Amino acid sequence: MWDNLLISLVIDLSVFLLCTSLLWRYGKLSAYHPATIYLVFHFLIFTVRLFAINSGAALFLSNSTYFLGTQNHEISRAAYWADLGFLAMTLAWLVEAQKNEDDFVQTEQRILIDGKVLNMILFITIPLGIWGIFSQQYIPILGKSEHDFGDWERSSYLSNTQNFVVLSMMALIFKHGFKKTYLAIVVIFLLILALQGYHRYRVIVPLIFLGSLYLYRNQQKWMPKRYWLIGIFCFVLFLPLKYIGKLVQEGATLEDFSDFFTEYQEVSGDGSNADLAFLDMYAVSMTLVDEAGSYYYGKTFFPILVSPIPRNLWTEKPSLMQWTLDISVPERDISKLGAVCSIYGEAYANFGSFGIVLIPFLFARFTARCYFKVLRSPPDSAFVFLYFLLISVLVQVYRDGLVSVFTFIVIYNIPCFLIWLFSVLKGKVFQSI
């Protein structure tokens, strides 16, 4: 049943076209609707991957002499359940769309982002961010600092300071608008972040936040056509970004870059590029969960409770993706390989096949409710701010699972999260007086 990859492709393509047409006609979509982001994600991660495999692309680790590669039946099964999850999310988005209007009519009274709170937090995070950049990152012409931070090297408290300037500018832009000074600072620091050779999300998250916010503030649902080429260019550049950064740091010549792009195109075409094999990784995670013999029933989220403790103070602190470490075996060590298992893999680990339908459905319904509430809220409200923080990390959530909501909003984006949190707390205090 699970061995025919061509049937899997036909089913997936049919589901994709059906869900896209229904959502386009009845879902009241926009560029910052959660369904739009998922449609792009599903097409690239599942549909395109299935097409590539049917065209002869190698499966993940199939050419390895040590690790056990992905099997055809695993791919087919994973794609089938992902399609069921997609249908469940589509149903949730359609149900919420029929219950709500999308006309930007403000009927909600919401707590606003507090200017004093914002200034107090940015007074700390901007200097920390500048220090984080110059003490830890490669800067063109200046090179990279060689500071030794000892055990703190393993702590995200240290590494996250590298993002603070850009994240602080995001908050300022939300509060005061798209001023040229703020945008110039964002561009400069994003270019620095782009050349580090790792963590591409540090570039893509701010771009999604600012692009979505710009459209929302101008009450535009879709990007003007004149910006489409810029969007396509940014997307094409995004996948090899970490390799480009390493080449820049090594002083690569134009010939080196030409050779790299030729090689990158080849490995992308034959399927050996791990950036394009997320379906394979998710498929393997399902098999490993089955072999482990039990589900987690929500325990995959428990490490969130201890995540604030610095790792240098607790060396054996559970990872936020601890469940992938638990199910890994030597021939399929997905934790060591850095495999990502998608929202479906995480849902399967918790509740099996039932979870693949239930969890995405509930999450889709929640995000749709938030979307329509945003359209009824004041543009500078704290709720709108939090929503666009969520939208900016949805790709990571769909790719890694719901734990990424915490990882990328609370840990990675701590300046903006604290601004939202203390604005809400202050607003509720004044409302109660």
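For the structure, see preceding data.
Read on for an overview of the structure. None of the values given here were measured: they were computed from a predicted structure. Residue numbers here run from 1 along each chain, matching the order of that chain's written sequence. Whole-chain, interface and lining totals are the exception, using all residues; otherwise, since this is a predicted model, local features are given only for residues with pLDDT of at least 70 and side-chain atom pairs are given and counted only at 80 or more. Side-chain measures here rest on the full set of heavy atoms in the structure, leaving out hydrogens and waters.

By the element assignment, Thr 287 lies in helix 12 (residues 278–292). With residues near it in sequence (within four places) discarded, Thr 287 still touches Glu 74, Arg 77 and Arg 332. Secondary structure elements are defined from DSSP: runs of H or I of at least 4 residues count as helices, runs of E of at least 2 residues count as strands, and each element is numbered from the N terminus. Between two residues, a contact is recorded if the distance between any of their heavy atoms is within 4.5 Å.

This part is about the nonpolar core. Only buried Ala, Val, Leu, Ile, Met, Phe, Trp, Tyr and Cys residues count toward a nonpolar core, and they belong to the same one when joined by side-chain atoms within 4.5 Å. Any residue under 20% of the maximum accessible area for its type is buried, any over 50% is exposed, and the rest in between are partly exposed; the area is computed with a 1.4 Å probe on protein chains only. Core analysis: the biggest nonpolar cluster contains 116 residues, and Tyr 282, Tyr 344 and Phe 385 have the highest contact counts within it. Here this core takes 14 residues from helix 14 (residues 342–375), the largest share from any one element.

Another aspect to go through is the packing of aromatic side chains. Stacked, tilted and edge-to-face are the three classes assigned to paired rings of Phe, Tyr and Trp, where Trp is represented by its six-membered ring and a pair needs centres within 6.5 Å; plane angles under 30 degrees give stacked, over 60 edge-to-face, the rest tilted. Applying the stated criterion to the full structure yields 31 aromatic pairs. Their ring planes at 65° and their centres at 6.1 Å tell us that Phe 408 and Tyr 412 sit as a pair that is edge-to-face. When sorted by exposure, Phe 408 lands in the same class as Tyr 412, which is buried. Taken together through their ring pairs, the aromatic side chains of Phe 16, Tyr 38, Phe 41, Phe 43, Phe 46, Phe 86, Trp 93, Tyr 282, Tyr 344, Phe 363 and Tyr 398 make up a single cluster. Charges are assigned to positions over rings by a cutoff of 6 Å between ring centre and Lys NZ or Arg CZ, combined with an angular limit of 35 degrees from the ring normal. Sitting over the face of the ring of Phe 174, Arg 217 holds its NZ or CZ atom 4.6 Å from the ring centroid. Here Lys 373 stacks its cationic end above the ring of Phe 383, 5.5 Å away from the centre of that ring.

Here we come to helix 14. In this scheme, a helix's expected span is set at 1.5 Å multiplied by one less than its residue total. The terminal C-alpha atoms of helix 14, which comprises 34 residues, lie only 29 Å apart, well short of the 50 Å expected from a rise of 1.5 Å per residue. Bend at a given residue is defined as the angle between two axes, one fitted to the seven residues that end at that position and one fitted to the seven that begin there. Along its length, helix 14 reaches its greatest deviation from straightness, about 135°, at Phe 351. Counting buried residues in helix 14 gives 24 out of 34 residues, a clear majority hidden from the surface. For helix 14, the N-terminal cap is Ser 342; the gap from its side-chain oxygen to the backbone nitrogen of Tyr 344 is 3.1 Å. For this analysis, a polar contact is any N or O atom pair within 3.5 Å, provided that within protein one partner can donate a hydrogen and the other can accept it, and provided that sequence-adjacent residues contribute only side-chain to side-chain pairs.

This part covers the packing of helix 6 (residues 164–176) against helix 7 (residues 180–194). Axis lines are fitted through C-alpha atoms, for helices just across the contact stretch, and the angle between N-to-C directions can take any value from 0 to 180 degrees. With their axes 9 Å apart at the nearest point, helix 6 and helix 7 run at an angle of 155° to one another. Of the possible angle classes, the one that applies to helix 6 and helix 7 is roughly antiparallel. Helix-helix and strand crossings are classified by hand; for helix 6 and helix 7 the assignment is left-handed. On helix 7, the residues that touch Val 165, Val 166, Met 169, Leu 172, Ile 173 and His 176 of helix 6 are Tyr 182, Leu 183, Ile 185, Val 186, Phe 189, Leu 190 and Leu 193. When residue character is reported, Ala, Val, Leu, Ile, Met, Phe, Trp, Tyr, Cys and Pro are called nonpolar, Asp, Glu, Lys and Arg charged, and the others, Gly included, polar. The residue inventory of the contact of helix 6 with helix 7, partitioned by class, reads twelve nonpolar, one polar and no charged. Any angle that falls under 35 degrees is termed roughly parallel, while one over 145 is termed roughly antiparallel, one within 65 to 115 roughly perpendicular, and all others oblique. By convention the crossing between two helices is left-handed if the near helix lies anticlockwise of the far one by an angle smaller than a right angle, and right-handed if it lies clockwise.

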